[in-house]
Amino acid sequence: MTISKNKMIELEKRTIEEFKIDSLILMENAGMGIFREINQYDSFTIICGKGNNGGDGLVIARHLILNGKTVEVFVVGDKETEDFSKNLEIIKKLTDIKYIEGDNFNELIESIEVNEITVDAIFGTGLNRKLNKFYRSLIDIINIHGNYIIGVDIPSGMDADTGEEYGNCVACNVTYAISDIKKGELLNSNVGELKKVYIGIVRYKDE
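Remember, predicted model here, so these are calculated numbers, not experimental data.

Participant: Sorry if this is basic, but what is going on with the UniProt feature "binding site: K(+)" (unreviewed entry) in the protein chain here?
Facilitator: Taken from the UniProt record, the annotation "binding site: K(+)" (unreviewed entry) applies to Asn53, Asp120 and Ser156. Spanning 104 residues, the named residues form one tight spatial group whose C-alpha atoms are at most 9.6 Å apart. Considering the arrangement of structural elements, one finds Asn53 in helix α3 (residues 52–66). When near neighbours in sequence (up to four residues on either side) are disregarded, Asn53 contacts Asp120, Ala121, Ile122, Phe123, Gly124, Val152 and Asp153. When you line up the elements, Ser156 lands in the loop between β6 (149–152) and β7 (174–178). For Ser156, the contacting residues outside a window of four places in its chain are Asp120, Ile122, Phe123, Ile139, Asn168, Cys169 and Val170.

Structure below.
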């Protein structure tokens, strides 16, 4: 079963507003669920945008660090969501955060090449615009240098409903779809292997 972007937004909103399950709990569940799937590896480069997809990435990073893994966290973007900011403050107490700015990707390339796993947590299902040159270049670097690439919810650059690419798209080895597989993920092979991660979204029997 797949789900549209709008339906996913509706279910998340209802879970938070009607059933009073805080959005931070859902983010924690998402990050913990993916952590449990990937913690057999030892070294990670985690690239986070400043939205809630990036917040999921920070939760993943925190649990990996607390379990003794080698983790390098890179952050990219402008405006932070509230839940991202809260998780960023937590993880800053555990490790140094590196920021990707301008066109200097050297430190990121070295990290990606050295570490076993690259985690793509840049953009989630809310992306609806063409990527600028900076993000197209960033995705090229991930695709060229990544040893094994894991997508958080959806590969960055992909439309959640159509599978079309907004100028470029991360080519994942495996994508962990949060709660449900999105319709577009069945229409683009860059998802790699698709797996679902349960996070506790409230739904009725006919949904």
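Here the narrative resumes.
Participant: Hey, could you run me through the confidence of the model for the protein chain in this one?
Facilitator: Any segment with low pLDDT has predicted coordinates that should not be analysed in fine detail. Taken over all residues, the pLDDT of the protein chain has a mean of 97, while the share at 70 or more is 100%. The least confident element of the protein chain is strand β1 (residues 2–3), whose mean pLDDT is 96; the most confident is strand β5 (residues 117–121), at 99.

Participant: When you look at the pattern of salt bridges in this model, what are you seeing that I'm missing?
Facilitator: Oppositely charged side chains may form a pair once their charged atoms are brought near each other. Here the structure, examined in full by the defined rule, presents nine salt bridges. For Asp42, the salt bridge is made with Lys69, and the minimal N-O distance between the two is 3.7 Å. Taken as a pair, Asp42 in the loop between α2 (23–38) and β2 (43–48) and Lys69 in the loop between α3 and β3 (70–75) lie far apart in primary sequence, 27 residues in all. On the basis of relative accessible area, Asp42 is assigned to the partly exposed category, the value being 47%. Residue Asp153 is joined to Lys182 by a salt bridge in which the shortest nitrogen-to-oxygen separation is 2.6 Å. Taken together, the residues span a long stretch of sequence, with Asp153 in the loop between β6 and β7 and Lys182 in strand β8 (residues 181–182) at a distance of 29 residues. Across the pair, Lys182 and Asp153 agree in class, each one buried. Shared partners join several salt bridges into a network, and the residues in it are Glu72, Lys98 and Glu107.

Participant: Which parts of the structure should I look at to understand unusual backbone geometry?
Facilitator: As a rule of thumb, non-glycine residues mostly have phi less than zero, and peptide bonds are mostly trans rather than cis. In the Ramachandran plot, Lys20 falls in the positive-phi region, its phi being about 60° despite a non-glycine side chain. A positive phi angle is found at Ser179, which is not glycine, with a value near 75°. With respect to the helices, strands and loops of the structure, Ser179 is situated in the loop between β7 and β8. On the basis of relative accessible area, Ser179 is assigned to the buried category, the value being 13%.

Participant: I would appreciate a short explanation of the environment of Glu110 in the present structure.
Facilitator: Within the fold, Glu110 resides in helix α5 (residues 106–114). The exposure class assigned to Glu110 is exposed, which follows from its relative accessible area of 55%. Separated by 99 residues in the primary sequence, Glu110 and Leu11 place their C-alpha atoms 40 Å from one another.

Participant: Got a minute to help me understand the packing of α2 against helix α4 (residues 82–91) in this structure?
Facilitator: A pair of packed helices is captured by two measures, namely the crossing angle of their axes and the spacing between those axes. Remark: α2 packs on α4, axes separated minimally by 10 Å, with the N-to-C direction vectors making an angle of 60°. When the axis of α2 is compared with that of α4, the two are oblique. Judged by the sense of rotation from one axis to the other, the crossing of α2 with α4 is right-handed. The residues of α4 that touch α2, namely those facing Ser23, Leu24 and Met27, are Asp83, Lys86 and Asn87. By residue class, the composition of the contact of α2 with α4 is two nonpolar, two polar and two charged.

Participant: Got a minute to help me understand the sheet that holds β7 in this structure?
Facilitator: Strand pairing in a sheet relies on backbone hydrogen bonds. The paired strands run either parallel or antiparallel. Spatially, β4-β3-β2-β5-β6-β7-β9 is the arrangement adopted by the seven strands of the open sheet, whose pairing is parallel. Of all the strands in the sheet, just β4 (97–99) and β9 (193–197) have a single pairing partner and so form its edges. For this sheet, the mean angle separating the axes of adjacent strands, direction not counted, is 25°. Here β2 runs beside β5; their pairing, made up of five bridges, is parallel.

Calculation notes
- Residues numbered from 1 in each chain as written.
- Predicted model: local features only at pLDDT ≥ 70, side-chain atom pairs only at ≥ 80, totals over all residues.
- Heavy atoms only, no water.
- UniProt positions renumbered as here; feature names shortened; annotations may be inferred.
- Helix = DSSP H or I, 4+ residues; strand = E, 2+ residues; numbered from the N terminus.
- Contact = heavy atoms within 4.5 Å.
- pLDDT = per-residue confidence, 0-100.
- Salt bridge = Lys/Arg side-chain N within 4 Å of Asp/Glu carboxyl O.
- Buried < 20%, exposed > 50% of the residue type's maximum accessible area, 1.4 Å probe, protein only.
- Axes fitted to C-alpha atoms, helices over the stretch in contact; angles between N-to-C directions.
- Parallel < 35°, antiparallel > 145°, perpendicular 65-115°, else oblique.
- Left-handed = near helix turned anticlockwise from the far one by under 90°.
- Nonpolar A, V, L, I, M, F, W, Y, C, P; charged D, E, K, R; others polar.
- Pairing = 2+ DSSP bridges.

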